[in-house]
Amino acid sequence: MTMNIMKETITGAEALMRSLEHQGVKTLFGYPGGSIMPTFDALYHHRDTLNHILVRHEQGATHAAQGFARVSGEVGVCLVTSGPGATNTLTGIADAMIDSTPIVVIAGQVPTAMLGTDAFQEVDLVSITQPITKWSYQIRSAKDIAWAVARAFFLAKNGRPGPVVLDFTKNAQVEMVDYEPETVDFIRSYDPNPESQEGTLEAAANLINSAKRPLVLVGQGVELGNAQVELRAFLEKGDIPCGCTLLGLSAIPSDHPLNKGMLGMHGNLAPNVKTNECDVLIAVGMRFDDRVTGNIATYAKQAKVIHLDIDSSEFNKNVNVDVAVLGDCKQTLRQLTDLMVQNNHTAWIESFSEHEKLELERVILPEIHPLSGPLNMGEVVRAVSEAANHEAILVTDVGQNQMMAARYFKYTKERSVVTSGGLGTMGFGMPAAIGATFGRPDRAVCVFMGDGGFQMNIQELGTIMEQKAPVKMILMNNNYLGNVRQWQAMFFGRRYAFTPMMNPDYMQIASAYSIPARRIMKREELQEAIHEMLATDGPFLLEACVIEEGNVMPMTPPGGTVDKMMLEC
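A brief report on the enclosed structure follows. (Residues numbered from 1 in each chain as written. Predicted model: local features only at pLDDT ≥ 70, side-chain atom pairs only at ≥ 80, totals over all residues. Heavy atoms only, no water.)

**A closer look at the sheet that holds strand S20 (residues 540–545)**
Logical step 1: Read from one edge of the open sheet, 6 strands run S16-S15-S17-S18-S20-S19, paired in parallel fashion. Looking at strand neighbours, the two that pair on one side only are strand S16 (417–418) and strand S19 (517–520), the edges of this open sheet.
Logical step 2: In terms of strand pairing, strand S15 (residues 393–396) meets strand S17 (residues 445–450) through 4 bridges, oriented parallel. Directly across from Val395, in S17, lies its bridge partner Val447. (Pairing = 2+ DSSP bridges. Helix = DSSP H or I, 4+ residues; strand = E, 2+ residues; numbered from the N terminus.)

**Here's the deal with the environment of Asn477**
Logical step 1: As for its position among the elements, Asn477 is in strand S18 (residues 471–477).
Logical step 2: The exposure class of Asn477 is buried, given its relative accessible area of 5%.
Logical step 3: Each C-alpha atom, one on Asn477 and one on Gly221, is 33 Å from the other, the two residues being 256 residues apart in sequence.
Logical step 4: Aside from chain neighbours lying at most four places away, what touches Asn477 is Asp451, Asn503, Tyr506, Glu543, Ala544, Cys545 and Val546. (Buried < 20%, exposed > 50% of the residue type's maximum accessible area, 1.4 Å probe, protein only. Contact = heavy atoms within 4.5 Å.)

**Describing the state of the cysteines**
Logical step 1: Considering all chains together, one arrives at 0 disulfides under this definition.
Logical step 2: Between Cys278, a free cysteine, and Cys242, which holds the nearest cysteine sulfur, the sulfur-to-sulfur gap is 13 Å.
Logical step 3: The class for Cys278 is buried, based on a relative accessible area of 0%.
Logical step 4: Free of any disulfide, Cys329 has its nearest cysteine sulfur in Cys244, 13 Å distant. (Disulfide = S-S within 2.5 Å.)

**Some details on the pattern of salt bridges**
Here the idea is simple: oppositely charged side chains can pair when their charged atoms come close.
Logical step 1: All chains considered together, the criterion is met by 24 salt bridges.
Logical step 2: Here Arg160 and Glu314 are joined by a salt bridge, their closest N and O atoms 2.7 Å apart. Of this pair, Arg160 sits in the loop between helix H7 (145–157) and strand S7 (163–169) while Glu314 sits in the loop between strand S13 (304–309) and strand S14 (323–326), and the two are 154 residues apart along the sequence.
Logical step 3: For Arg160, a relative accessible area of 21% puts it in the partly exposed group.
Logical step 4: According to the relative accessible area criterion, Glu314 is buried, its value standing at 5%.
Logical step 5: Here Asp563 ties to Lys564 by a salt bridge, and the two come within 3.6 Å at their closest N and O atoms.
Logical step 6: According to the relative accessible area criterion, Asp563 is partly exposed, its value standing at 23%.
Logical step 7: Three or more residues are tied together by salt bridges with common partners; here these are Arg160, Asp311, Glu314 and Lys317. (Salt bridge = Lys/Arg side-chain N within 4 Å of Asp/Glu carboxyl O.)

**Some remarks on the packing of aromatic side chains**
Logical step 1: In this structure the tally under the stated criterion is 13 aromatic pairs.
Logical step 2: Ring geometry for Trp135 versus Tyr137: centroids 5.0 Å apart, planes at 20°, classification stacked.
Logical step 3: The exposure class of Trp135 is buried, given its relative accessible area of 13%.
Logical step 4: With a centroid separation of 6.4 Å and an interplanar angle of 85°, the aromatic rings of Phe154 and Tyr190 are classed as edge-to-face. Placement of the pair is Phe154 in helix H7 and Tyr190 in the loop between strand S8 (176–179) and helix H9 (200–210), with a sequence separation of 36 residues. (Phe/Tyr/Trp six-rings, centres within 6.5 Å; stacked < 30°, edge-to-face > 60°.)

**Details of the nonpolar core**
Logical step 1: In this structure, Val216, Phe234, Leu235, Ile282, Ile306, Leu336 and Phe448 are the most contacted members of the largest nonpolar core, which totals 76 residues.
Logical step 2: Those residues in contact with Phe234, other than ones at most four positions away along the chain, are Ile208, Val216, Ile240, Ile282, Leu333, Leu336, Thr337 and Met340.
Logical step 3: Core analysis: the second largest hydrophobic core is formed by 39 residues, Ile36, Phe40, Ala142 and Tyr179 among them. (Core = buried A, V, L, I, M, F, W, Y, C linked by side-chain atoms within 4.5 Å.)

**Notes on the side chain of Ser82**
Logical step 1: Here Ser82 lies in the loop between strand S4 (76–80) and helix H4 (84–87).
Logical step 2: In this structure Ser82 comes out as buried when scored by relative accessible area, which is 1%.
Logical step 3: A polar contact is formed between the side chain of Ser82 and the backbone oxygen of Gln121, at a distance of 2.9 Å.
Logical step 4: Apart from residues no more than four positions distant in its own chain, Ser82 is found in contact with Ser35, Gly108, Gln109 and Gln121. (Polar contact = N/O pair within 3.5 Å; in protein donor to acceptor, adjacent residues only side chain to side chain.)

**What to know about the pairing of strand S3 (residues 51–54)**
Logical step 1: Note: strand S2 (residues 27–30) against S3, 4 bridges, orientation parallel. The residue bridging Phe29 from the neighbouring strand is Ile53, located in S3.
Logical step 2: As for the winding sense of the linkage, the β-α-β connection from S2 through helix H2 (residues 37–44) to S3 is right-handed. (Right-handed = clockwise from strand over helix to strand, strands pointing away.)

**Describing the sheet that holds strand S9 (residues 214–218)**
Within a sheet, adjacent strands bond to each other through the backbone by hydrogen bonds, running parallel or antiparallel.
Logical step 1: Strands sit in the order S11-S10-S9-S12-S13-S14 across an open sheet of 6 strands; the sheet is parallel. The sheet terminates laterally at strand S11 (259–262) and S14, the two strands that pair on one side only. Averaged over all pairs of adjacent strands, the angle between their axes in this sheet comes to 20°, without regard to strand direction.
Logical step 2: Strand direction decides the pairing type here: S9 and strand S10 (residues 242–244), joined by 3 bridges, are parallel. Each residue of the ladder has a partner; that of Val216, found in S10, is Cys242.
Logical step 3: Lying on the sheet, H9 is in contact with strand S12 (280–284), S13 and S14; it crosses S14 at an angle near 130°. (Axes fitted to C-alpha atoms, helices over the stretch in contact; angles between N-to-C directions.)

**Describing helix H19 (residues 429–439)**
Logical step 1: Most of H19 is tucked away, with 10 of its 11 residues classed as buried.
Logical step 2: Every buried residue of H19 is listed here: Gly429, Met430, Pro431, Ala432, Ala433, Ile434, Gly435, Ala436, Thr437 and Gly439.

What is shown is where atoms sit, not what they do.
Next comes the structure, spelled out in structure tokens:
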């Protein structure tokens, strides 16, 4: 006996709501407007199942969706209107693409019959976003909604994650359709979980087993692949030290004895120096960004390079590799570990200590335990991390605050770092932190910002106010665009061209948004102020007035060699 599945005739806008629910969506971030109004009207009737967070700018919606996705492992969702509403999302979409963050942006569009007429708030969003998305598609008919949403979510979260855009014409929103939910778990032209080529795992294991000075570079792919347990098993069996990229910092606890710190321009001295001393370099889920490699011509030329990644386009893109292991690192790390021998590299690991001691004495201790003078950014970061038992989620904006936060915050839990890596988007921090509080409401969220980035999306204080989002905002105010000022000091003869900033009274601004706030200028106030911030239910703004011309050290100069880091300027 054949059963007939009853199809319900509903509007396209309602079909979108049900398709989102079918994908398990519970939270979305957005801003209404003319071309998306029918969809927001349908959303009104789904308020019990779909929690819509009204941001104050569409860029804020994308960054909030990114923060949500990064800490939860789910797909972040944005809902905006056409024209400027859609183009305001472009920065967040590009940011999500380069940092492999799964978001789906749904934008209103003028009716299909008006496409190409320069109608009010029409923009060719598909053409604009194709280079910065995994998929960009225009829904012109209500019958395509269920399929398009299912495909969008499959692409966003499977394989190497990334952003997807759905351009939703107004006629498709109001048309009637016989709705039936759809699931996409296969696309003929897309292999989200490729198998490693025959022999590559064996070749990699042979190199690792015979290595005398192996080093692992841990990227965000470990977090995206939920391979934290597999990473530790791999490192511990091989007794291999590791360094972490900015986005991979929380893939392994900060205090793990094999974790030697952060890689890159402002990373830790030891893992950078040892990159050019190791004999086998094993990169896991990272893309050899120029901020990690420095001058490619001098990068790890002595080493055999093994690269594990789910995206074959990353192989030999920046650094030539000897063995490329394709596949999901949760699987390939486990397979590789099975092929490895139990090893011991005590002498090699101990050789890191001289560089660690030098950095501790010359850079770290003066930064986090200064004897006198104004507050340092590093000491503020470390004090917040310690007060939160190193269990909080770190969100940062971009600039000196980002590098200081990454260096001096510590991590005991996975998925604890949310920052704009590849694009370096100022204004990312506050909305991303909002998203993080919805993605992991069980965890404390601390966002560090500079006075420049804070003002780039300052309007999102309105979202924090309305939602009572428990964002702990630490504003490290040095009255400069600090990172640019540092480069001007080091490479442009201290000509501070348009980097000094006249700032508003942030306490009055916080008061206007009914957000508790406190400003500190003295070291003696720091611990008490942090305790007050963490003990306050809901949001809090802590403005720390820090040294105006402080610098982030160590530093590999632009185009420099990773093992030639400057300890002072």
